[in-house]
Amino acid sequence: MDKLVVKGGARLNGRVEISGSKNSALPILAATLLTPETCVIRNVPDLSDIRFMIEIMKRLGAKVTFENGTVTTSAETIISEVPYDLVRKMRASICFLGPIIARCGTATFSEPGGCSIGDRPIDLHLKGLAELGAASHSEGGNVYIPKANLVGKEIFLGGKSGSTVLGTDNVMMAATRAKGLTIIESAACEPEVRDLANFLNKMGAKIVGHGTRRIEIEGVDALHGVEHTVIPDRIEAGTFMVSALITQGDVFLAGADASHLVNVIDRMKSCGAQITSDAKGIQVSATRKLSSIDLVTETYPGFPTDMQAQLCALMSVTPGISAITEKIYPNRFMHLAELRRMGARVELEGATAILHGVDHLSGAPVMASDLRASAALVLAGLIARGTTEVNRVYHIDRGYEHIDQKLRGLGAEIERVR
Ligand code: EPZ
């Protein structure tokens, strides 16, 4: 079990390359199953989640190679069952459902379990697919879709927390092969959904409105193989943005797309960050401590839930009292107990973390729980007095490509210990 050992104190300076988006690459890899032809996907980050997705694709029958950030895949024939031993390890494998149904006309899929950020239901996925003609029933932890005859329909996909990212992806992918027009109301607008729609259109799909709450998909008879370059990872960029702010440094996020981070940039500027951007990336610096924040996470274009833990780390050492409310996953606060071990003064009122900024944190052994919580603990370690050991670092390797190397490149004292 690896751990990251961080010695706090360095102000980060310099340039960091932002990798391709994990949350864009995952559904795009699933979408390659929609065609028997070869697809080439570039700028794919080398992450354990990506490698796991590729394992599933191979188990389903695809021939896949992954070298130097490029995935080449061809799924001449695929099977329609995705077993529990694969699904339970990665919730995102749910996005195979749409392509398998569209390609095979049937699917057997294990219900993904929960994870440390809370319950991960798939009721909206199943509702949307049922509306298209892929009715399902659950039994013994499996979802069975015996026969799907896909016909386009107007579908409302909103849930109690608003839109669903992978739910929108699944319905959109299935709808590319339905007869007639599908309209998804209350669709997710995330840049990763837009990137998937652009990929599907290159394959010959007819999708308009992606990036808005209303997406229209005209079904087509077949989709063909294409080449595509994945968008940059906005959450990795946001995480490195916080690494510059928390150490009062000055960092250039090369390849980051500021148009995917409008809300995050606006909120950070309102706290006193200096942020500028151009076609090449985003420059982030802070010459003094920031001011506190009152924040609510929402679906895009709101403030992303995947940046909530990182903001808790930043606001734990920002003077004043900050309130950070989690509207997407109300239980996504496993990082608070670990930040408290480092001296943070924070209490949880329902789904709101109240953070009283302290003068400094102290290094301590801490436990990572989910992908973004572990990033938050590394960020806290960058400014804590002494040494912080972040255990169970496999969580962080799921979503951050070579994070210790990238942080060392900016001047951080961080080592990976086997
Ligand atoms: C995607 O997960 C991301 N994962 C998550 O990132 C991200 O936190 C999440 O979107 C929200 O932005 C990938 O893209 C691979 P949702 P997804 O369906 O699609 C409820 C990370 O750190 N809901 O948009 O699974 C759900 O409980 C990961 O990279 C239903 O009620 O999330 C939640 O409250 C973590 N029924 C809300 O919707 C459903 O059928 C948003 O979930 C589906 C979702």
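Residues numbered from 1 in each chain as written. Predicted model: local features only at pLDDT ≥ 70, side-chain atom pairs only at ≥ 80, totals over all residues. Heavy atoms only, no water.

It is worth spelling out the environment of Arg103 at this point. Summarising the element assignment, Arg103 is placed in helix α4 (residues 97-104). A sequence separation of 244 residues divides Arg103 from Glu347, and the C-alpha atoms of the two residues are 49 Å apart. Apart from the residues within four sequence positions on either side, Arg103 is in contact with Leu33, Leu34, Thr35, Pro36, Ala75, Glu76, Thr77 and Ile78. (Helix = DSSP H or I, 4+ residues; strand = E, 2+ residues; numbered from the N terminus. Contact = heavy atoms within 4.5 Å.)

Here the focus is the nonpolar core. Core analysis: the biggest nonpolar cluster contains 74 residues, and Phe96, Met172 and Leu200 have the highest contact counts within it. The element that contributes the greatest number of residues to this core is helix α2 (residues 48-60), accounting for seven residues. Setting aside residues up to four positions removed in sequence, Met172 forms contacts with Ile184, Val193, Leu196, Ala197, Leu200, Ile207, Ile215 and Ile217. Grouped together as the second largest cluster of nonpolar side chains are 71 residues, Leu12, Val378, Ile396 and Ala412 included. (Core = buried A, V, L, I, M, F, W, Y, C linked by side-chain atoms within 4.5 Å. Buried < 20%, exposed > 50% of the residue type's maximum accessible area, 1.4 Å probe, protein only.)

A few words now on the pairing of strand β11 (residues 181-185). Here three bridges tie strand β10 (residues 154-156) to β11, and the two strands are oriented parallel to one another. Residue pairing across strands places Glu154 opposite Ile183, the latter belonging to β11. Each parallel crossover has a hand, and the one from β10 via helix α6 (residues 165-175) to β11 is right-handed. Both β11 and strand β13 (residues 214-218) contribute to a ladder of five bridges, which runs antiparallel. Residue Thr182 lies in a different strand from β13, and its bridge partner there is Ile217. (Pairing = 2+ DSSP bridges. Right-handed = clockwise from strand over helix to strand, strands pointing away.)

Running from N to C, helix α5 (residues 123-131) and α6 cross one another at 20 degrees; their axes reach a closest spacing of 9 Å. Judged on the interaxial angle alone, α6 and α5 are roughly parallel. Note on packing geometry: the crossing formed by α5 with α6 is right-handed. For the pair formed by α5 and α6, the contact residues are His125, Gly128 and Leu129 on the first element and Leu166, Gly167, Asn170, Val171 and Ala174 on the second. The class makeup of the residues in the contact of α5 with α6 is four nonpolar, four polar and no charged. (Axes fitted to C-alpha atoms, helices over the stretch in contact; angles between N-to-C directions. Parallel < 35°, antiparallel > 145°, perpendicular 65-115°, else oblique. Left-handed = near helix turned anticlockwise from the far one by under 90°. Nonpolar A, V, L, I, M, F, W, Y, C, P; charged D, E, K, R; others polar.)

Moving on, we get to the environment of Ile275. Along the polypeptide, Ile275 turns up in strand β16 (residues 274-278). Judged by its relative accessible area of 8%, Ile275 falls in the buried class. Note: C-alpha distance between Ile275 and Asp49 (226 residues apart in sequence) is 31 Å.

Our focus in this paragraph is the side chain of Thr32. Relative to the assigned elements, Thr32 resides in the loop between α1 (22-31) and β3 (38-42). Side-chain polar atoms of Thr32 contact the backbone oxygen of Leu29, separated by 2.5 Å. With residues up to four places along the chain from it excluded, the contact list for Thr32 reads Cys39, Ile41, Met57, Thr73 and Phe199. (Polar contact = N/O pair within 3.5 Å; in protein donor to acceptor, adjacent residues only side chain to side chain.)

It is worth spelling out the state of the cysteines at this point. Tallied over the entire structure, the rule returns zero disulfides. The thiol of Cys95 is unpaired, and the distance to the nearest cysteine sulfur, on Cys39, comes to 15 Å. No disulfide involves Cys312; its sulfur sits 13 Å from the nearest other cysteine sulfur, which is in Cys271. Overall, Cys312 belongs to the buried group, its relative accessible area being 0%. (Disulfide = S-S within 2.5 Å.)

It is worth spelling out the pattern of salt bridges at this point. Opposite charge on two side chains permits pairing when their charged atoms draw close. What the rule picks out here adds up to 21 salt bridges. Note that Asp49 is salt-bridged to Lys22, the shortest N-O span being 3.9 Å. Pair noted here: Asp49 is in helix α2 and Lys22 is in helix α1, with a separation of 27 residues, a long-range link. Side by side, Asp49 and Lys22 carry an identical accessibility label, which is buried. With a shortest N-O distance of 2.6 Å, Arg214 and Glu185 are connected by a salt bridge. Here Arg214 is found in strand β13, whereas its partner Glu185 is found in strand β11, with 29 residues between them in sequence. (Salt bridge = Lys/Arg side-chain N within 4 Å of Asp/Glu carboxyl O.)

Time to look at the site of the ligand. Around the ligand sit 26 residues in total, of which Asp123, Leu124, Thr164, Asp306 and Ile328 are the nearest. Between Lys22 and the ligand, the recorded distance is 2.9 Å, taken from a side-chain N or O atom to an oxygen atom. Separating an oxygen atom of the ligand from a side-chain N or O atom of Arg91 is a distance of 2.8 Å. Contact with the protein chains covers 92% of the free accessible surface of the ligand, which is 820 Å². If you list the elements that add at least two residues to the shell around the ligand, you get α1, α5, α6 and α12 (371-383). Counted by class, the shell around the ligand contains 11 nonpolar, six polar and nine charged residues. (Near = heavy atom within 4 Å. Areas by Shrake-Rupley, 256 points an atom, 1.4 Å probe, with all protein chains shown as cover.)

What follows concerns the sheet that holds strand β4 (residues 63-67). A sheet is described by the order of its strands in space; here four strands give the open sequence β4-β5-β3-β14, paired in mixed fashion. In this open sheet, the two edge strands, each paired with only one partner strand, are β4 and β14 (227-229). In this sheet, neighbouring strand axes are inclined to one another by 15 degrees on average, regardless of whether the strands run parallel or antiparallel. Judged from the three bridges that link them, β3 and β14 form a sheet pairing that is parallel. Paired with Arg42 across the strands is Thr229, a residue of β14. Of the strands in this sheet, β4 and β5 (70-74) touch α2, which is tilted by about 160 degrees from β4. Along the sheet face, helix α7 (residues 191-202) touches β3 and β14 and points at about 160 degrees away from the line of β14.

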